[in-house]
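Okay, here's what each chain looks like letter by letter:
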Amino acid sequence: DVKVTQSSRYLVKRTGEKVFLECVQDMDHENMFWYRQDPGLGLRLIYFSYDVKMKEKGDIPEGYSVSREKKERFSLILESASTNQTSMYLCASSLAGPSYEQYFGPGTRLTVT
Amino acid sequence: QKEVEQNSGPLSVPEGAIASLNCTYSDRGSQSFFWYRQYSGKSPELIMSIYSNGDKEDGRFTAQLNKASQYVSLLIRDSQPSDSATYLCAVNIDGGSQGNLIFGKGTKLSVKP
């Protein structure tokens, strides 16, 4: 079974804090993704990575950065958290092909006050 | 702008009935299609993948793909209250060389006992 884990289920941070969200997968997947999910807006891609040390911007990268130093780990960093970054953050991973099935972690509900 | 469209619902069906969920997509180059189930407060869970025109059955679930019409659907037979969830349709982009998916905003299904 594919297993994707995320460092926290719930997180409360203050405006201006630096926030680290970590994601680990155990299936040797090449691709890893960070999404945020908000009511009415669906899943929006923040960043993705298709190899170690590689990263690509998704649809909404502003205010975020990522790090992938090891194949199994993909971190999302909020450099200076703001209230509009309050959201559910979802990590996913997939093989590079031919199947692109993405498997999600349990999510982190982040609240910025 | 590549899009995946779903009726947001809610779709309400009685227990034991067939639930039919529909999805249309704009990218003619898409080759991979997925259905995810998401319970309230939880992360999306992959339930079906389909890559070729026609039907694919897995237990009570049947995915149907028509690439000419750019249409994919999910049928749930003998619907149960436990099937009540939001169902997300996802489609790969441009043949998906990097595995990126576009997600629809989901259809909320309610199965009434």
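Position labels on residues start from 1 in each chain and follow its written sequence. Chains carry letters from A onward and ligands carry numbers from 1 onward, assigned in written order. pLDDT decides what is reported in this predicted model: residues at 70 or higher carry local features, side-chain atom pairs at 80 or more are listed and counted, and totals for whole chains, interfaces and linings draw on all residues regardless. Working from all heavy atoms in the structure, the side-chain values ignore hydrogens and water.

Go over the pattern of salt bridges, please, and point to the residues and values.
By convention in these notes, a salt bridge is any Lys or Arg side-chain nitrogen within 4 Å of a carboxyl oxygen on Asp or Glu. Under the criterion given, the structure shown has nine salt bridges over all chains. Ionic pairing is found between lysine 53 of chain A and glutamate 69 of chain A, a salt bridge with its closest N-O pair at 2.4 Å. Of this pair, lysine 53 of chain A sits in the loop between β5 (42–49) and β6 (56–57) while glutamate 69 of chain A sits in strand β7 (residues 64–70), and the two are 16 residues apart along the sequence. A relative accessible area of 52% means that glutamate 69 of chain A is categorised as exposed. Across the pair glutamate 45 of chain B and arginine 37 of chain B runs a salt bridge, and its minimum N-O distance is 3.0 Å. Taken together, the shared-partner salt bridges connect Arg36, Asp38 and Arg44 of chain A into one network. Strands are runs of DSSP state E lasting at least two residues, helices are runs of H or I lasting at least four, and both sets are numbered from the N terminus onward. Categorising residues by exposure relies on relative accessible area from a 1.4 Å probe, with only protein chains included: less than 20% of the type maximum marks a residue as buried, more than 50% marks it as exposed, and the intermediate range marks it as partly exposed.

How would you summarise the nonpolar core if you had to cite specific residues and measurements?
In terms of nonpolar packing, the biggest core is built from 24 residues, with Trp35, Val72, Leu74, Ile76 and Tyr87 of chain B touching the most fellow members. Taken together, the elements giving at least two residues each to this core come down to β3 (19–25), β4 (33–38), β5 (45–50), β7 (61–66), β8 (71–76), β9 (85–92) and β11 (107–112) of chain B. Of all hydrophobic cores here, the second largest spans 20 residues; its members include Leu21, Ile46, Ile60 and Leu78 of chain A. Definition of nonpolar core: a set of buried residues of the types Ala, Val, Leu, Ile, Met, Phe, Trp, Tyr and Cys, connected through side-chain atoms within 4.5 Å.

Tell me what's going on with the pairing of strand β6 (residues 54–58) of chain B, and back it up with residues and numbers.
Residues and elements named next belong to chain B. Two strands pair if DSSP finds at least two bridges between them. Here five bridges tie β6 to β7, and the two strands are oriented antiparallel to one another. Note on β7: the bridge partner recorded for lysine 56 is alanine 63. Between β6 and β7, which follow one another and run antiparallel, lie two residues, and glycine 59 among them has a positive phi close to 65 degrees.

Residue-level account of the interface of chain B and chain A, with values.
Any two residues whose heavy atoms approach within 4.5 Å are treated as being in contact. Across the boundary between the two partners, chain B contributes 20 residues, which contact 23 residues of chain A. Taken together, chain B and chain A are joined by zero salt bridges. In the analysis that follows, any N or O atom pair within 3.5 Å is treated as a polar contact, provided that within protein one partner can donate a hydrogen and the other can accept it, and provided that, for residues neighboring in sequence, both atoms belong to side chains. Here chain B and chain A share five residue pairs in polar contact (both at pLDDT 80 or more) between them. Of all the elements in the fold, those that place two or more residues in the side of chain B that touches chain A are β4, β5 and β10 (101–103) of chain B. For the side of chain B that touches chain A, the leading source of residues is β4 of chain B, giving three residues.

Break down the environment of threonine 5 of chain A for me, with residues and values.
Residues and elements named next belong to chain A. As for its placement among the helices and strands, threonine 5 is situated in strand β1 (residues 4–6). Classification of threonine 5 as partly exposed rests on a relative accessible area of 33%. Measuring from C-alpha to C-alpha, the distance between threonine 5 and alanine 92 comes to 9.3 Å, with 87 residues separating the pair along the chain. Not counting residues up to four positions away in its chain, the partners in contact with threonine 5 are Glu22, Cys23, Val24 and Pro106.

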